[in-house]
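Structural description and commentary
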Amino acid sequence: MKRVLDGHVAARTPIWMMRQAGRYLPEYRAVREKAGDFLTLCYTPNHAVEVTLQPIRRFGFDAAILFSDILVVPHALGVDLSFEAGEGPRLSRTTNHTELNALRDDLDPSRIERVLEAVGRIREELPRETTLLGFCGAPWTVATYMVAGRGTPDQGPARLASLTDPAFFEALIDRLVETSARYLIGQLKAGADAVQIFDSWAGVLDPESFRRWSIEPIRRIVALVRAQVPDARIIAFPKGATLAGLTELVLATGVNAVGLDWTVERRQTRLAVGGRVALQGNLDPLVLIAGGTALDAAVDALVEDFHGAAHIFNLGHGIRPETPIAHVERMIARLRG
């Protein structure tokens, strides 16, 4: 997979899945129950190493992605964070300069060092040929949770804050750019072969806001990371971005690869940016749940559309908990058969 990120076309398309270490696996659920709560799972190196390796042992994916969460960064800045069963994350809100200034300027090492320990141990235990991915949330996406204190359908609280108090919102984004870059540098130095920046809520932004709050912060993170790790391989995943937005992001940021959600028109995207970056994606997670001939047809179409391109096979978003393991096995067999 590292060669694909460097722009080479692979004889065998590498495979991994977003959220591949997760609730669809019984072995993950067993460790999650043992940990007791989600943050303990993230911050206990033994647990994080184990659940990261589980899908590699079971499926032989070409990449492992660190088991953690994008909200580790605000948590390490001093935001109160918990995860409610069935309701997602809950955070203490950051809505103005006073609340932002009450946070740390840098990440709490007592939390981050445990994550970096897990990265190093995972790299030691992985097969040499298996790529290890680190990650962070993009500043825009992380900011949406910090402002609202939870996920919201259209990220209205953050969008409104960016309009009514742009000075505060820019300061929040600046803090996240700087700390996220340092976090990624730490992961790369600990043993990650590449990192992915998840902008899960990029699709709610209008074109100008997408440039200001998604593209520009990612560009700055890439520059900061490469100032310390010049050969860093970086993937951006701006979920919901238009073809114009994807193209602009690729040209502006210098990332090695761009992740595509399932709504992207593959052939047009390949023509627009496939000669500049590797393409990652983009099977609909619901197709993987459906299985059968629908899955076979979707896999075949995806392979055909990306034939001859630098391509990493992945889903268009994270695998869902209800996905049958047999369907994952069928997908892999179809790809590798």
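Criteria and thresholds
Here the residue index of a chain counts from 1 through its sequence in written order. The model is predicted, so local features are restricted to residues of pLDDT at least 70 and side-chain atom pairs to those at 80 or more, both for listing and for counting; the totals for chains, interfaces and linings are taken over all residues. To obtain the side-chain values, all non-hydrogen atoms of the structure were included, while hydrogens and water were left out. UniProt positions are given in the numbering used here, feature names are shortened, and annotations may be inferred rather than shown by experiment. Think of a 1 Å grid over the protein atoms and nothing else: a 1.4 Å probe that fits but is trapped marks a cavity, an open set flanked by protein within 12 Å on at least five of seven lines marks a pocket, and residues with an atom within 4 Å of a point count as lining. Counting from the N terminus, the helices are the DSSP runs of H or I reaching at least four residues and the strands are the DSSP runs of E reaching at least two. Contacts are assigned to residue pairs that have any heavy atoms within 4.5 Å of one another. Any pair of N or O atoms that falls within 3.5 Å is considered a polar contact. Within protein, one atom must be able to donate a hydrogen and the other to accept it, and sequence-neighbouring residues count only if both atoms are side-chain atoms. Here, nonpolar core means buried Ala, Val, Leu, Ile, Met, Phe, Trp, Tyr and Cys residues that are tied together by side-chain atoms lying within 4.5 Å of each other. Summary of the burial criterion: residues with accessible area below 20% of their type's maximum are buried, those above 50% are exposed, and those between are partly exposed, where the area comes from a 1.4 Å probe applied to protein chains only.

The UniProt record marks Arg19, Gln20, Ala21, Gly22, Arg23, Asp69, Tyr145, Ser200 and His317 with the feature "binding site: substrate" (unreviewed entry), using the residue numbering of this structure. Taken together, the annotated residues stretch across 299 residues and extend over separate regions, lying up to 22.9 Å apart by C-alpha. Checked against the lining of the largest pocket, the annotated residues just named reduce to Arg19, Gln20, Ala21, Gly22, Arg23, Asp69, Tyr145, Ser200 and His317. With respect to the helices and strands, the residue Arg23 is situated in the loop between α1 (2–5) and α2 (26–35). Ignoring sequence-local partners within four residues, the contact set of Arg23 consists of Tyr28, Arg29 and Pro321. Looking at the secondary structure, you find Asp69 in the loop between β1 (63–65) and α5 (72–76). When residues no more than four places from it in sequence are discounted, the contact partners of Asp69 are Phe38, Cys42, Phe83 and Phe135. In this structure the side chain of Asp69 is engaged in a polar contact, spanning 2.9 Å, whose partner is the backbone nitrogen of Leu71.

Within the largest apolar cluster, 123 residues are counted, with the highest numbers of intra-cluster contacts made by Phe169, Leu283 and Met331. Once you skip the residues sitting within four places of it in the chain, Met331 turns out to touch Met17, Leu283, Leu288, Leu295, Val299 and Phe313.

Bringing the side chain of Ser214 into the picture now. On the secondary structure map, Ser214 appears in helix α11 (residues 207–228). Leave out the neighbours within four places in its chain, and Ser214 touches Asp199, Ala202, Leu205 and Ser209.

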